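Okay, here's what each chain looks like letter by letter:
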Amino acid sequence: DLRITPKDVKACYDIYGDYVPHLKGKSTEPENQVVLKERITSMICTSVHFMTDTFFIDNVAYLLTMVKPLGYIIVTLLGNERGDRTQQQLGKAMLAHITECQQRGFHVSSINVDGEKALKGMSEYLGVYGPRLNSSDTVHIGAAEAAIKIVKSWFRGIYTTLPYCLPPDMYKFLVQFVVSR
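Residues numbered from 1 in each chain as written. Predicted model: local features only at pLDDT ≥ 70, side-chain atom pairs only at ≥ 80, totals over all residues. Heavy atoms only, no water.

Enquirer: Can you explain the overall build of the protein? Please cite residues and give values.
Expert: Counting its regular elements, the protein contains seven helices and five strands. Expressed as a percentage of the 181 residues in the protein, the buried residues total 30%. Looking at the protein alone, contacts between residues at least 24 apart form 53% of all its contacts between residues at least 6 apart. When the accessible surface of the protein is summed, it comes to about 12,900 Å², and 56% of that surface belongs to carbon and sulfur atoms. (Helix = DSSP H or I, 4+ residues; strand = E, 2+ residues; numbered from the N terminus. Buried < 20%, exposed > 50% of the residue type's maximum accessible area, 1.4 Å probe, protein only. Contact = heavy atoms within 4.5 Å. Areas by Shrake-Rupley, 256 points an atom, 1.4 Å probe, with all protein chains shown as cover.)

Rendered as structure tokens:
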């Protein structure tokens, strides 16, 4: 625990003056060492896994994907009403998520979903060349559930602090803003 204050430093300069070699002009700067840049030609780990689930805000469906091990969250608007989730909508949204990761140089090796019927049916839409779809009737996808909880809490936090009333048709933009942070 160092108890030197700026007042003590000023008193030291008043008593002892400047650094002597500095006063004589004999102080030198240390030589800069050459730093060799190491070029990384390819990413070390390019395989990622998706943890996917759906959630609702004001009866509007969204598809959330947590990209592991990156911790990256992708959200896509699905439909306007609670029952308006078709396998085609989910498949298109999932293909958009896969494409986004592939454009950044990652390979999606598997997609983990819980036992919802619509999510299980995505494997038919993704085709045989898509990533492996793992579904379970009894186990929820913990990483996706935690990400949904975070997105909803950030949404509520920003929504309640706005100085005006946000119309419900603007909620999708607030969700995208929350995910982008």
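Enquirer: Can you break down the sheet that holds strand β1 (residues 47-57) residue by residue, with the values?
Expert: Pairing is mixed across the open sheet formed by five strands, whose spatial order is β3-β2-β1-β4-β5. At either end of the open sheet lies a strand with only one pairing partner, and these are β3 (72-79) and β5 (132-136). Strand-to-strand twist in this sheet, taken as the mean axis angle between neighbours without regard to direction, amounts to 25°. Bridge analysis of strand β2 (residues 60-68) against β3 gives seven bridges, and the strand direction is antiparallel. Bridge assignment links L64 to a residue of β3, and that residue is V75. Contacting β1, β2, β3 and β4 (107-114), helix α3 (residues 87-103) runs over the sheet at an angle of about 155° to β3. (Pairing = 2+ DSSP bridges. Axes fitted to C-alpha atoms, helices over the stretch in contact; angles between N-to-C directions.)

Enquirer: Any chance you could break down helix α6 (residues 142-161) for me, citing the residues and the numbers?
Expert: With 20 residues, α6 extends 29 Å from end C-alpha to end C-alpha; this agrees with the ideal 28 Å at 1.5 Å per step. Every buried residue of α6 is accounted for by A144, A147, I148, V151 and F155. Looking down the long axis of α6, one finds its buried residues gathered within 105° of arc, a one-sided arrangement. Away from the buried face of α6 by more than 90 degrees, exposed residues K149, T160 and T161 are located. On its buried side, α6 packs onto β1, β2, β3 and α7 (171-180). (Expected span 1.5 Å × (residues − 1). Arc of directions from axis to C-beta.)

These figures come from the coordinates and say nothing about function on their own.
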